[in-house]
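# Reading the structure
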Amino acid sequence: MITRIRNLVATQMLPRNLRISALLVAIYQVLIAHFLLFVMLLGLVHAEEMSTILSADIADHKEQEEYYFIPTLSTGESLNTVRFKSASHLAFVTLVILYIGTSISVIYLLSCLGLLIGTLRKRAELMLPWLILDSIGAILVLAVMVAAANSEFNVLYYSGGEIQYWIFCGIMTTFNLVIWLIVQAYYKTLRQMNKMRHVAAVPIPMPPVPRNDKIPYHYRKENMYLGENGLKHYVTDLVTEDSYLM
């Protein structure tokens, strides 16, 4: 079983399969990012509604204090007032956490979209933000896993035991590491290809510029572009993605 999984991962890491694997990873990450953002927005809407209802209850309680005698504690506040203050503080903390989580989800979604666009358009610079954010996120998730195992919330009990918990954490960490390595390998491949194309750029004399200031078709067909010192020609026949990934 382990050998099959290792062979499957090695197959996906082959140069000829890197682009397809990276594209599948990008689609998967975009779906996950959309789901996380949806959950955060849903929780934020419910928290806002809860805060509104709580504010209305507090106002109603203050109005009742003006007409009815309510016993107070030694601090001079009624028991309901203390409860409302505690609930208001909890609602505020919940809103802050959800706003932070929503902001992080939006940033992560943008990085995933950059990963998808960079994979489709073969632009390595658009894939770099996702690689950085995913690395930071993996470190934070590992820290949360270790902290949850040693916390007082008894996570190990609800997960079925210590062994099951660490097996689950190991599987999730390994899966995230594999998809990160796939994207990182394809990122390095694109960087190497772009570097080889840049080295193969050969300056050629500038032909007469036509009146419409456009490069003639027979020049554009040979993948030339207008640079500072005239036209430059990419020797793409020698360095192509297909030949490089064989």
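Note that the structure is a prediction, hence the values are computed from the model and not measured.

So, how was this worked out
Residues numbered from 1 in each chain as written. Predicted model: local features only at pLDDT ≥ 70, side-chain atom pairs only at ≥ 80, totals over all residues. Heavy atoms only, no water. Helix = DSSP H or I, 4+ residues; strand = E, 2+ residues; numbered from the N terminus. Buried < 20%, exposed > 50% of the residue type's maximum accessible area, 1.4 Å probe, protein only. Contact = heavy atoms within 4.5 Å. Areas by Shrake-Rupley, 256 points an atom, 1.4 Å probe, with all protein chains shown as cover. Core = buried A, V, L, I, M, F, W, Y, C linked by side-chain atoms within 4.5 Å. 1 Å grid on protein atoms, 1.4 Å probe; cavity = no way out; pocket = protein on both sides within 12 Å on 5 of 7 lines; lining within 4 Å. Points joined across faces, edges and corners; volume = space filled by probe spheres on them. Nonpolar A, V, L, I, M, F, W, Y, C, P; charged D, E, K, R; others polar. UniProt positions renumbered as here; feature names shortened; annotations may be inferred. Patch = residues over 30% accessible without salt bridge, like charges linked within 9 Å, V, L, I, M, F, W, Y side chains within 5 Å. Salt bridge = Lys/Arg side-chain N within 4 Å of Asp/Glu carboxyl O. pLDDT = per-residue confidence, 0-100.

Here the focus is the overall build of the chain. Along its length, the chain carries eight helices and three strands. Expressed as a percentage of its 246 residues, the buried residues of the chain come to 25%. Considering only residue pairs separated by 6 or more positions, the chain has 68% of its internal contacts joining residues 24 or more positions apart. Carbon and sulfur atoms provide 67% of the accessible area of the chain, an area that totals close to 17500 Å².

Attention now goes to the nonpolar core. By size, the foremost hydrophobic cluster in this structure holds 24 residues, and its most contacted members are Cys-112, Leu-115, Met-127, Trp-130, Val-183, Tyr-186 and Leu-190. Of all the secondary structure elements, the ones that give two or more residues to this core are helix H2 (18-67), helix H3 (79-121), helix H4 (128-149) and helix H6 (162-199). In terms of residues, this core owes the most to one element, H6, which gives eight residues. Dropping the residues within four chain positions of it, Met-127 is found in contact with Gly-114, Leu-115, Gly-118, Thr-119, Val-183, Tyr-186, Tyr-187 and Leu-190. In this structure, Met-145, Ala-148, Ala-149 and Tyr-165 belong to the second largest nonpolar core, which totals five residues.

Before going further, it helps to spend a moment on the layout of surface pockets. Space inside the largest pocket adds up to approximately 1100 Å³. If you trace the largest pocket, you find 29 residues lining it, with Tyr-108, Asp-134, Gly-137, Ala-138 and Val-141 closest to the centre. Of all elements in the fold, only H2, H3, H4 and H6 reach the threshold of two or more residues within the lining of the largest pocket. A breakdown of the residues in the lining of the largest pocket according to their chemical character gives 21 nonpolar, seven polar and one charged.

With that settled, the discussion passes to the UniProt feature "transmembrane region" (unreviewed entry) in the chain. Per the UniProt record, "transmembrane region" (unreviewed entry) is annotated on residues 20-45, 90-118, 130-151 and 163-187. A distance of 38 Å separates the end C-alpha atoms of residues 20-45, which is 100% helix and 0% strand. Taken end to end, residues 90-118 is 100% helix and 0% strand, and its two terminal C-alpha atoms sit 42 Å from one another.

On the surface, Tyr-28, Ile-32, Phe-35, Leu-36, Phe-38, Val-39, Leu-42 and Phe-175 cluster together into a nonpolar patch covering about 730 Å² of accessible area. With seven residues, the single largest contributor to the nonpolar patch is H2. Tracing the backbone through its elements, the reader meets Phe-38 in helix H2. Exposure remark for Phe-38: the relative accessible area of 52% places this residue in the exposed category.

Our focus in this paragraph is the confidence of the model for the chain. Per-residue pLDDT for the chain averages 75, and the proportion of residues at 70 or more is 62%. Predicted confidence is poor over residues 234-246, with pLDDT under 50, and the contacts of this stretch with residues over four places away or in other chains come to 23 contacts.

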